[in-house]
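# Examining the three-dimensional arrangement
Take a look at the letters that make up each chain.
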There are 4 protein chains.
Amino acid sequence: MARLNVGLIGVGRLGRVYARDLSSRIASTRLIAVADTNAELAKTIAAEFGAARAYQDPADLIADRDVDAVVIVSPTHTHRDIAIAALDAGKPMFCEKPPAIHLEAALDMAAAVQRTGTFFQMGFMRRFDPGYAAAKKQIEDGRIGRPVVFKATSRDPFPPSVAYADPRSSGGIFVDMGIHDFDLARWFMGDVATVQAVGAVLAFPELGAVGDKDNVIATMTFADGRLGVVDLTRNGFYGYDISTELLGPAGTIRIGYIRETPLLVMTRNNVAHDTVPYFMERFERAYTLQLENFAANVLGQRAAPITIHDGVEALRVAIAATRASETGHTVDVSSVEAERV
Amino acid sequence: MARLNVGLIGVGRLGRVYARDLSSRIASTRLIAVADTNAELAKTIAAEFGAARAYQDPADLIADRDVDAVVIVSPTHTHRDIAIAALDAGKPMFCEKPPAIHLEAALDMAAAVQRTGTFFQMGFMRRFDPGYAAAKKQIEDGRIGRPVVFKATSRDPFPPSVAYADPRSSGGIFVDMGIHDFDLARWFMGDVATVQAVGAVLAFPELGAVGDKDNVIATMTFADGRLGVVDLTRNGFYGYDISTELLGPAGTIRIGYIRETPLLVMTRNNVAHDTVPYFMERFERAYTLQLENFAANVLGQRAAPITIHDGVEALRVAIAATRASETGHTVDVSSVEAERV
Amino acid sequence: MARLNVGLIGVGRLGRVYARDLSSRIASTRLIAVADTNAELAKTIAAEFGAARAYQDPADLIADRDVDAVVIVSPTHTHRDIAIAALDAGKPMFCEKPPAIHLEAALDMAAAVQRTGTFFQMGFMRRFDPGYAAAKKQIEDGRIGRPVVFKATSRDPFPPSVAYADPRSSGGIFVDMGIHDFDLARWFMGDVATVQAVGAVLAFPELGAVGDKDNVIATMTFADGRLGVVDLTRNGFYGYDISTELLGPAGTIRIGYIRETPLLVMTRNNVAHDTVPYFMERFERAYTLQLENFAANVLGQRAAPITIHDGVEALRVAIAATRASETGHTVDVSSVEAERV
Amino acid sequence: MARLNVGLIGVGRLGRVYARDLSSRIASTRLIAVADTNAELAKTIAAEFGAARAYQDPADLIADRDVDAVVIVSPTHTHRDIAIAALDAGKPMFCEKPPAIHLEAALDMAAAVQRTGTFFQMGFMRRFDPGYAAAKKQIEDGRIGRPVVFKATSRDPFPPSVAYADPRSSGGIFVDMGIHDFDLARWFMGDVATVQAVGAVLAFPELGAVGDKDNVIATMTFADGRLGVVDLTRNGFYGYDISTELLGPAGTIRIGYIRETPLLVMTRNNVAHDTVPYFMERFERAYTLQLENFAANVLGQRAAPITIHDGVEALRVAIAATRASETGHTVDVSSVEAERV
């Protein structure tokens, strides 16, 4: 079986998971190089997962002739330059979400994809979760008719660090957390026309201090008039809770679960079970399937199922929601354009 | 609409519920008389529920010419004499389970029903629970094919008083608690051929001191070779838990729930809900529907859906299980015959 | 025990349920008179539930000296005149929701309550549902801290008739269906400051033809900055689905269930259960408890737990949501004032 | 990190899974050799998972000096000879359940373990399932007190081939399927004293033709008088259903789930979800954790958590249950001794 020699750029928390998957869980990939601005970390991860080469500069990894394809999990603000370099080098590429936090950067990436014709796959792992994939199939099979309302809830079990949450680097809660839900919205329902939103700092004043919010709700109208709503919270202390619903004319489909182990403890007048701790427990399989799909697409010369366009448009909705929550006005998504930053 | 004038014998805990149902919840009945050996209680209940007459002696209630029908909820050991008196008086009758704790007494009642031809309806309220009724219908509709295994679990949230549990008056756990499950077994699967059982005193030594057990398990083979199992416990502290399953060649049906209010409380790493407190909360509606059915049968001159034969045979299985748990041997249900006591 | 002699005005679908509860399920009430513009229906219901008197004109019922208290379940547009007449007559009164569909009428009723000092209880039965009541208690006990986000979903399993849904008589979906959710929002979170909303006709064009919508979503900011969202649909074909959530700093509370009977049918690769058909099955007990509470308050000379003010304010939010969905703008709830109509 | 060089004997259905785990999912193992009587298959699997050597004769694998440890997943009837050869060669060993189908063979293995002092770990993967492991911890933490009743249900979604099910090679349903439940019984409750059982052929006459049963129920008394029940079926068509309960004096613990994807499809009056297809989906993680534990024990020179004694005793209970179901008598587990076969 042909195997894809992959170079991995960025080996922080999520990058380490990608290193494990690329090196040992996916039969069609081989992890041959890693790069990280933290050179020591690059070496450690390379050693742990049997990658022969460790680079500090992503450019060196991209230039490595044995590297067939590049996977980018570096910090979001670095995506643009690395992606464009890889695209120009003709290296097929997978890029973790979001593409960027500023629309301008994402559009630059889109322009480079267009210009070079290099393969580019956007990372939105939920689409590979067996639950979401099964929902998509049920919808396509007509089980509930054509959905009329999209609902999504995402809750993190604890807040990010203030440094991480700073909207100048994270894009704010709608971009950082919500982009997954806006991508699902587009995947299931098509383009978003307008957005309204409310938001507040209700649990973590320190997040407010840097300009972020910890609880937000956005409603959407889709291009064809259908409706949607996304609510996000950073204080879902009970567990990591991601749930999505598609309400159609013949029924409804719900995706999501909150229970981790199959254990029910029933004591005096009380029945209790545990909860999913965090995103790696919930989406472990989706991450693996996503990279497996990336490798199969590159090896099989198939088109990417999630494109830079999907990344750009989900980002545009997230920015529209951010503006709507700041102004209290309905925002036309199409009015969100790149501003030089 | 014709209304049935009912006389109620026995107004203890359950009798009070019957008084309420007969007087106010069932459009087709009127509670016109109550009887209880506790004359004061009879008067109090009669006043509370608007029954015109209160008797101490059940014979007086039976003899009351305005009493169209009799409902018996008095202590089990009194059923035989009261039932036979009412049958002889030609009064249609409803009798709470079990018919008796000794097979002899139950057979005497059966003989009186046979001899007099008077209407007699045995009380097994679970058959009127919307869940069990729906299960019966699903089985008849062939949803899972003809069931091959019957499973039932009954758990009380706290033990009875030692006085109540004494097998000399209660019949022991298999008769007192299990008779409901054995009736369901017969209702869904037909006659029971053989029984094996184990039992122990594992939670309440005081029950062991009077000769009862607090945890028992009985397996059954039905007359046609199919299988069943019933397990009972008196230490189901978490809540009142009644669950039954019918496993068929094309699927399985489960009846039962443990959640009382529709409330889910999710706190740090824990999701919890409450439980059903006890039998009145679980079977409140079944009790009402059962008496409503009784009234409809008497007024409409229809046959009783649950007969003294059903009472006798469920009791026979319960006694067989008791013997099996004492001897460790397989007991043929048909070998259980009346012994003069 | 003292019993309250109640006169019931309006004996349509819900009125019939109230007649049953007042006559037979509530020990502290006696149904002595009914009134309905359909005189035949008034007589039929009076006969069925043993009310001695049947009136066509509500004024006659109100004037009946034996009528201690009045329960109004007549069409919404008649509430104002009937209520004011009863208030002027000094008859304690229970009024089904909504108080009115125009704010002016509701304010007129509020003025009459103020002027006469007569007892007035607003009907919002969900507050008496054991689930919602338990949630309130959990909140007060501090189980999840002070809630920061309120979420509510209401779904009807089929659309109303076009005649019923016509916003000129129903007030539109936010008033007709949503007022329950807006009342819950106020009950759990306090006053609503601003509302945004979207809505569309996505399932029943005939509803659009008369100016109503069938799917709407409203977000709210409460007076103290906390957040809320309510979504309503008239095409919840799978069953009657009412669910509410309170997300707090230490956890979340969910109220709601969709399963009717305790039956699980498991067949090849599929586990299925049924759903709650409609509001009477879901809230049967709440309706009874609500009237029981009304009687206890009147007999015990206690203040009404739900006042005309609660009715006025929930209506004001519903009207604000309607306007917001029409304009796409954020609406200050306090800006919604009575217009002569 | 030290890695254990493992030789794998038997690469059929489950063996292939072990090959994948040993080669790629477990950081502390390296799959260096495989053996199978089907030499072609051995070569194919070796190539697929990067094992350098493929043998036809297990003796050659055992003799391979680079093989540090041996994992046996060959057919049950071959376990004895292979295990004894490996033990004599001083190769630490993991052996898939059951140790054997005849007690004599299992005892021979136990004697060899005793004689050689070589490390031997018995495979009962359920003990490594996060659900069962969490249950064990909850029990040890005293959440429900000391359990008094053990209940277990195992259901296969389709029958084995007649050739596989033949009791002469499988040991019959109690040995083949039930040994997992009897091991759990011993793990949670201690030694089993007596067994009663019933069984029948109710779904697959062809299984009856070779002397097996397709539905069985066994009750147990433990050495200290506590109670247990295990029921098994080969016609659990709705899905693979493994559930276990521990009822204690202060509550109950249930382990098990039947839902595969987090998808709920709600259509007219029906809410449905899918089911777990089969054992690999249910216990995938447990299998991996089990081998990981084996490697850690060998590398760390720790004692095996599951010994040949556990294998022998679970087998003894399974044989006792088989005899009990054939005779209808209570069987003392200690009376089950090896017979030369």
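These remarks concern the structure in this document. All values derive from a computational prediction rather than experimental measurement.

### Quick look at the side chain of B:Asp156
All names here are of chain B. Relative to the helices and strands, aspartate 156 is located in the loop between β7 (149-155) and α7 (162-165). Within the buried set, aspartate 156 has no salt-bridge partner at all; the shortest N-O distance to an opposite charge, 4.3 Å, is to arginine 234. Not counting chain neighbours up to four residues away, the residues in contact with aspartate 156 comprise Met177, Thr233, Arg234, Asn235, Gly236, Tyr240 and Tyr278.

### Quick word on the sheet that holds strand β1 (residues 4-9) of chain D
Residue and element names in this part refer to chain D. The six strands are arranged β3-β2-β1-β4-β5-β6 in an open sheet whose pairing can be described as parallel. Of all the strands in the sheet, the pair left with one neighbour each is β3 (53-55) and β6 (120-123). Recorded for the sheet is a direction-independent mean angle of 25° between the axes of neighbouring strands. Looking at chain direction, β1 and strand β2 (residues 29-35) are connected through six bridges and run parallel.

### Digging into the interface of chain D and chain A
Chain D puts 28 residues into the contact, and the matching count from chain A is 28 residues. Summed over both partners, the interface of chain D with chain A buries about 2100 Å², with 62% contributed by carbon and sulfur atoms. On the chain D side of the interface with chain A, the three residues burying the most area are D:Pro262, D:Leu263 and D:Met266, jointly 28% of the side's total. Counting the contacts that link chain D with chain A gives zero salt bridges. Counting every contact that joins chain D to chain A gives seven residue pairs in polar contact (both at pLDDT 80 or more). Contributions of two or more residues to the side of chain D that touches chain A are made by α1 (13-25), α6 (130-140), β12 (251-255) and β13 (263-267) of chain D. A class-by-class count of the residues in the side of chain D that touches chain A yields 13 nonpolar, eight polar and seven charged.

### Some thoughts on the relation of the copies chain D and chain A
Applying a rotation about an axis and a shift along it to one chain copy brings it onto the other copy. After a rotation of 180° and a shift along the axis of 0.0 Å, chain D superposes on chain A with an RMSD of 0.0 Å. Here the transformation between the copies is reduced to the relation of a two-fold axis. In terms of C-alpha distance to the rotation axis, chain D has D:Ser24 as its closest residue, with the C-alpha 2.5 Å off the axis. In this assembly the copies share their binding face: 100% of the residues contributing to the interface of chain D also contribute to that of chain A.

### Side note on the interface of chain B and chain D
Contact with chain B, which involves 37 residues of that partner, is made by 37 residues of chain D. Between chain B and chain D, roughly 2800 Å² of surface is buried when both sides are summed, and carbon and sulfur atoms account for 62% of that area. When the buried surface of chain B facing chain D is broken down by residue, B:Gln196, B:Leu202 and B:Leu227 rank first, second and third, together holding 19% of it. At the junction of chain B with chain D, the criterion picks out six salt bridges. Here B:Lys151 and D:Asp231 are joined by a salt bridge, their closest N and O atoms 2.8 Å apart. Between chain B and chain D we count 16 residue pairs in polar contact (both at pLDDT 80 or more) in total. Elements represented by at least two residues in the side of chain B that touches chain D include exactly β7, β8 (192-200), β9 (215-222), β10 (227-233), β11 (241-248) and β12 (251-255) of chain B. Among the residues forming the side of chain B that touches chain D, the class breakdown is 15 nonpolar, 15 polar and seven charged.

What counts, and at which threshold
- Residues numbered from 1 in each chain as written.
- Chains lettered and ligands numbered in written order.
- Predicted model: local features only at pLDDT ≥ 70, side-chain atom pairs only at ≥ 80, totals over all residues.
- Heavy atoms only, no water.
- Helix = DSSP H or I, 4+ residues; strand = E, 2+ residues; numbered from the N terminus.
- Buried < 20%, exposed > 50% of the residue type's maximum accessible area, 1.4 Å probe, protein only.
- Lys, Arg positive; Asp, Glu negative; His and termini not counted.
- Salt bridge = Lys/Arg side-chain N within 4 Å of Asp/Glu carboxyl O.
- Contact = heavy atoms within 4.5 Å.
- Pairing = 2+ DSSP bridges.
- Axes fitted to C-alpha atoms, helices over the stretch in contact; angles between N-to-C directions.
- Buried area = accessible area lost by both parts, 1.4 Å probe.
- Polar contact = N/O pair within 3.5 Å; in protein donor to acceptor, adjacent residues only side chain to side chain.
- Nonpolar A, V, L, I, M, F, W, Y, C, P; charged D, E, K, R; others polar.
- Least-squares fit on C-alpha atoms with pLDDT ≥ 70 in both.

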